[in-house]
Amino acid sequence: MSEPGELGIFLRGKRAALPPEATPLNGFGARRRVPGLRREEVAQLAGVSVTYYTRLEQGHSRNASDEVLLALARALQLSVTETEHLLDLARARRTTSDPGPESASPRALELLSLVAERPAIVLGRRNDVLAWNELGRALVAPHLPADAPESPATRPSLPRMLFLDPQARALYRDWHAEAADYVAYLRMASGKHPDDEALTRMIGELCIRDDAFADLWASGRVSECVAGTKPMRHPSAGDITVDFQLWAQSDRPDQRLELYSLRDDPDGSRTRALLGHPATTR
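Throughout what follows, the structure given in this document is the object of discussion.

1. Brief notes about the overall build of the chain
A tally of regular secondary structure across the chain gives 13 helices and 5 strands. Out of the 282 residues belonging to the chain, those deemed buried represent 47%. Pairs at least 24 residues apart make up 55% of the contacts formed inside the chain by residues separated by at least 6 positions. For the chain, the exposed area adds up to about 14,500 Å²; of that, 52% sits on carbon and sulfur atoms.

2. A word on the sheet that holds strand E5 (residues 256–262)
As summarised here, the arrangement of the 5 strands in space is E2-E1-E5-E4-E3, forming an open sheet in which the pairing is antiparallel. With one partner strand each, in any of the chains shown, strand E2 (129–132) and strand E3 (227–234) form the two edges of the open sheet. Neighbouring strand axes in the sheet, compared pairwise and without regard to direction, differ in orientation by 30 degrees on average. Sheet strands touched by helix H6 (residues 106–113): strand E1 (120–123), E2 and E5. Its angle to E1, the strand with the most contacts, is close to 170 degrees.

3. Details of the pairing of E2
Relative to E2, E1 runs antiparallel, the two being bridged by 3 bridges. Counterpart to Leu 123 in the pairing with E2 is Val 129. Linking two consecutive strands that pair antiparallel, namely E1 and E2, is a turn of 5 residues; a positive phi of about 65 degrees is found at Asn 127 within it.

4. Thoughts on the pattern of salt bridges
Evaluation of the coordinates by the stated rule reveals 20 salt bridges. A salt bridge links Arg 160 to Glu 205; the shortest N-O distance between them is 2.9 Å. Of this pair, Arg 160 sits in helix H8 (residues 158–164) while Glu 205 sits in helix H11 (residues 197–209), and the two are 45 residues apart along the sequence. For Arg 160, a relative accessible area of 29% gives the class partly exposed. When the shortest N-O distance is used, the salt bridge between Arg 221 and Asp 181 registers 3.1 Å. Of this pair, Arg 221 sits in the loop between helix H12 (211–218) and E3 while Asp 181 sits in helix H10 (residues 175–192); the two residues are 40 residues apart in sequence, bridging distant segments of the chain. With relative accessibility at 28%, the residue Asp 181 sits in the partly exposed group. Several salt bridges share partner residues, and in doing so they unite Glu 102, Arg 125, Arg 126, Asp 128, Asp 196 and Asp 254 into one network.

5. With respect to H11
Here H11 is 13 residues long and its end C-alpha atoms lie 18 Å apart, about the 18 Å a rise of 1.5 Å per residue gives. Those residues of H11 that are buried are in contact with H8, H10 and H12.

6. Some details on the packing of helix H5 (residues 80–91) against H10
The geometry of a pair of packed helices is captured by two quantities: the angle between their axes and the separation between those axes. Contact pair H5 / H10: the axes reach a minimum separation of 8 Å and the direction vectors enclose 35 degrees. In this structure, H5 crosses over H10, and the sense of that crossing is left-handed. Across from Thr 81, Glu 84, His 85, Asp 88 and Leu 89 in H5, the residues of H10 making contact are Arg 187, Met 188, Gly 191 and Lys 192. Of the residues in the contact of H5 with H10, the class split is 2 nonpolar, 3 polar and 4 charged.

Rules and cut-offs
- Residues numbered from 1 in each chain as written.
- Predicted model: local features only at pLDDT ≥ 70, side-chain atom pairs only at ≥ 80, totals over all residues.
- Heavy atoms only, no water.
- Helix = DSSP H or I, 4+ residues; strand = E, 2+ residues; numbered from the N terminus.
- Buried < 20%, exposed > 50% of the residue type's maximum accessible area, 1.4 Å probe, protein only.
- Contact = heavy atoms within 4.5 Å.
- Areas by Shrake-Rupley, 256 points an atom, 1.4 Å probe, with all protein chains shown as cover.
- Pairing = 2+ DSSP bridges.
- Axes fitted to C-alpha atoms, helices over the stretch in contact; angles between N-to-C directions.
- Salt bridge = Lys/Arg side-chain N within 4 Å of Asp/Glu carboxyl O.
- Expected span 1.5 Å × (residues − 1).
- Left-handed = near helix turned anticlockwise from the far one by under 90°.
- Nonpolar A, V, L, I, M, F, W, Y, C, P; charged D, E, K, R; others polar.

Below is the structure:
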C-alpha cells in the first residue's frame, strides 16, 4: 500500500480541522463519529470526484493540476500561506541532492553592516544564523561566542536552541507562542525544500528529542512569520518587548535579514543594555 506522503497527511489534517458548520454543506447536524469533514464532503465542495480526492489523500495520485489544488484550498478554507504550502507539496519531487551548508551572501553582509545600532541577524532557510552584529548576538544568544556563525560546525541553529538549549529557551516569556511559530515556519520550509537533507534531519532530531516539538509538528500548522513581537526576559536588559521584521533578498530568497527594535527605548539605552551597559532610569 502506498504511503500517503506529506500531501495526503496535510489534506487529511486540514479536513479533520474544518467543522461542517463552517461550510455551505447541508445536513451538517447529522451524527458523526469524528469531527471535521468527510472525504465526500471535501470532494463535493471542491467539485471533484470522491474517488479522485481519496486517491490524492491516500498518496495514489501525485499529479493534481493547480486548478484542482486551488479548488481544494478553497474547499478547505486554507490561508494564502497554507495554499502555497499545498502547491509546494504537490509539486515536490524529492531527489538525492543536498544543497549543503549555507553562507551569508555579500549583499546580506553589507546590509548587516549598515544597521550596527540595532540588533540584526542573517538567517538561512533552516533558520541557522549565518551572520549577526554585536547587538543581534547579545539579543538572541548572549551565551554564545561572537564568531559562532562563521563555521557550519558551530553555527547557531535557532530551532535547536529554542527547543534544546535551556539558556536560549529562557529568553522568551511566551515560549509556547515562539515555539509554535518556529515549527509552523519549518513545516513551510520543508515543503519548499524536500531535497534538503539537513533540514529533514533536524526536524527528525527535534521530533525525537523534544515532545513539545513533536506535538507542534503533528498539528500541521503552516505559517510564514515576516513581522511580529517577542516578549523576552534578557539577562542584561531584563523584561523587554522586541518588534521584529524579516527582509528577504530577491536574488537569495532563502536568506533573510531579521531586524529587531526594542519598545519604549527612545534614547537607545535599553538596546545598549543588551551588551551589559546599564539602561537609563526613567
